[in-house]
Amino acid sequence: MKADGNVSVELGVECGPRICAAPGCDEPAQYRAPRSRERLSEYIWLCLEHVRAYNKAWNYYAGMSVAEIEAHCRADTTWRRPSWPFGTTGAGARFDARDPFGLFPGEPRAAHDAGDRLALTDPAEKRALDVMNLSPPVTADLVKLRYKELVKQLHPDVNGGDKRAEERLKLVNDAYRTLSAARSL
């Protein structure tokens, strides 16, 4: 539709302004309104006076019971997408979340820990764990956590330039690199 209210046909031929769909009105129709709740993407064209009256009288929920309105509103809160109780997925399967600290009882933690444990076959990896004051079995998350703790403790700014802390920090950095190479952390 053009700015002046004229409508262009597919071939580019102008056929004049649209006429209001209200009975007995010959005004140009510049405003569209949905035909019904079931057909929101289909429109009728109205003039300004009649579109105002149409909007004022429009009741989306007309003809619905209170229970139907409630169900409709509840479906809209999740954008009409399926939902299920927390802790389950789709067809009621158990949601398998990571629980590296063992806060929640059950099988999921054991399944994840088995995959996260570092396999320590190299003596350098065992020495790296000693430097970081860790003992097997360890997870990648535990190694990262311990590394961050040690870096905060041993940083030269915290220790006033203490050479022993600086040397220990170098050892911790090397140990972390060794463990990172063992398994991408």
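Now for a quick tour of the structure. All of these numbers come straight from a predicted model, not from anything done at the bench. (Residues numbered from 1 in each chain as written. Predicted model: local features only at pLDDT ≥ 70, side-chain atom pairs only at ≥ 80, totals over all residues. Heavy atoms only, no water.)

Check the secondary structure of the protein chain and you find seven helices and six strands. Going from the N terminus to the C terminus, the protein chain shows its helices and strands as β-β-β-β-α-α-β-β-α-α-α-α-α. When burial is assessed residue by residue, the protein chain has 22% of its 185 residues classed as buried. Pairs at least 24 apart in sequence give 31% of the contacts found in the protein chain among residues at least 6 apart. (Helix = DSSP H or I, 4+ residues; strand = E, 2+ residues; numbered from the N terminus. Buried < 20%, exposed > 50% of the residue type's maximum accessible area, 1.4 Å probe, protein only. Contact = heavy atoms within 4.5 Å.)

Applying the stated criterion across every chain yields a total of seven salt bridges. Put simply, Arg-37 and Glu-38 hold a salt bridge, and the shortest N to O gap is 3.3 Å. Here Glu-38 falls in the exposed class, since its relative accessible area comes to 61%. Note that Glu-42 is salt-bridged to Arg-39, the shortest N-O span being 3.2 Å. Given a relative accessible area of 40%, Arg-39 falls into the partly exposed group. (Salt bridge = Lys/Arg side-chain N within 4 Å of Asp/Glu carboxyl O.)

Looking at where Asp-26 falls in the secondary structure, it is placed in the loop between β2 (14-17) and β3 (31-34). Counting along the chain gives 21 residues from Asp-26 to Cys-47, while the straight-line C-alpha distance between them is 8.9 Å.

Next up on the list: the packing of aromatic side chains. Summed over all chains, the structure comprises three aromatic pairs. Relative to Tyr-61, the ring of Tyr-60 lies with its centre 5.2 Å away and its plane at 85 degrees, an arrangement referred to as edge-to-face. Classification of Tyr-61 by relative accessible area gives partly exposed; the value is 26%. Over the ring of Trp-45 we find Arg-18; its NZ or CZ atom is 4.0 Å from the centre of that ring. (Phe/Tyr/Trp six-rings, centres within 6.5 Å; stacked < 30°, edge-to-face > 60°. Lys NZ or Arg CZ within 6 Å of the ring centre and 35° of its normal.)

Moving on to the nonpolar core. By size, the foremost hydrophobic cluster in this structure holds 14 residues, and its most contacted members are Met-132, Leu-134, Val-143, Leu-154 and Leu-179. Residue assignment for this core shows that the elements contributing at least two residues are α4 (123-131), α5 (140-154) and α7 (163-182). For this core, the element with the highest residue contribution is α7, accounting for six residues. Among the nonpolar cores identified, the runner-up in size contains nine residues, and Ala-22, Cys-25, Cys-47 and Tyr-54 belong to it. (Core = buried A, V, L, I, M, F, W, Y, C linked by side-chain atoms within 4.5 Å.)

Quick look at the side chain of Arg-146 now. As for its placement among the helices and strands, Arg-146 is situated in helix α5. Take Arg-146: its relative accessible area is 17%, and that puts it in the buried class. Residues contacting Arg-146, with those up to four places away along its chain left out, are Met-132, Asn-133 and Leu-134.

Moving on: α7. Its 20 residues place the ends of α7 29 Å apart at the C-alpha level, agreeing with the 28 Å of an ideal helix rising 1.5 Å per residue. Three or more residues of α7 are buried, namely Ala-165, Leu-169, Val-172, Ala-175, Tyr-176 and Leu-179. Buried residues in α7, looked at end-on, bunch into an arc of 125 degrees, giving them a common side. In α7, the exposed positions that point more than 90 degrees away from the buried face belong to Lys-163, Arg-177 and Ala-181. The elements touched by buried residues of α7 are α4, α5 and α6 (156-159). Of the residues that open α7, the one with a side-chain oxygen 3.4 Å from the backbone nitrogen of Arg-164 is Asp-162. (Expected span 1.5 Å × (residues − 1). Arc of directions from axis to C-beta. Polar contact = N/O pair within 3.5 Å; in protein donor to acceptor, adjacent residues only side chain to side chain.)

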